[in-house]
Amino acid sequence: MTALIGLGWMDEAACLTVPELPWIGPRRGQPLDPGALEQMTQTCDHCPVLNQCRHYVDQAAVSAGFWAGAWRHLSPDARVEDAAGGQVA
Ligand code: SF4
């Protein structure tokens, strides 16, 4: 069994600098703003702790929100589609 990595890396998370973006998803019944999705994607792409974040969400099986450049509430297939510019459910 692999131990979860610590959480100290979160102090350097780039998403902390843009808390107004919908990291947990759009409001219920609201469409996701494509501009916000682009901003979140760019933020993750340039995040100094992207690798730690990706490792953490995989280890912890995070199942909600936008982490490490992808929605985590979608199926793995949908994540691939989303990363390729597909529609977010
Ligand atoms: S990769 Fe994205 S979600 Fe993860 S810490 Fe960085 S900015 Fe936040």
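Rules and cut-offs
Residues numbered from 1 in each chain as written. Predicted model: local features only at pLDDT ≥ 70, side-chain atom pairs only at ≥ 80, totals over all residues. Helix = DSSP H or I, 4+ residues; strand = E, 2+ residues; numbered from the N terminus. Buried ≥ 20, exposed ≤ 12 C-beta atoms within 10 Å, placed from the backbone. Contact = placed C-beta atoms within 7 Å. Near = placed C-beta within 6 Å. Core = buried A, V, L, I, M, F, W, Y, C linked by C-beta atoms within 7 Å.

Counting its regular elements, the protein contains 3 helices and 2 strands. Taking all 89 residues of the protein together, 11% fall into the buried category. In the protein, of all internal contacts separated by at least 6 residues, the share reaching a separation of at least 24 is 47%.

A word on the site of the ligand. Near the ligand, the surroundings consist of Ala13, Ala14, Cys15, Thr43, Cys44, Cys47, Val49, Leu50, Cys53, Trp67 and Ala68. At the level of secondary structure, the elements contributing two or more residues to the shell around the ligand comprise helix H1 (34–45) and helix H2 (50–60).

The subject of this paragraph is unusual backbone geometry. Phi is mostly negative for residues that are not glycine, and the peptide bonds are mostly trans. A positive phi angle, near 55°, is found at Ala61, a position not held by glycine. Structurally, Ala61 is set in the loop between H2 and strand S1 (66–67). Residue Ala61 is classed as exposed on the basis of its 7 C-beta neighbours within 10 Å. Residue Ala68 is not a glycine yet carries a positive backbone phi of 50°.

On to the nonpolar core, then. Of all hydrophobic cores here, the largest spans 9 residues; its members are Met40, Cys44, Cys47, Cys53, Phe66, Trp67, Ala68, Ala70 and Trp71. For this core, the secondary structure elements donating two or more residues are H1, S1 and strand S2 (70–71). Met40 has contacts with Leu21, Trp23 and Phe66, leaving out every residue within four places of it along the chain.

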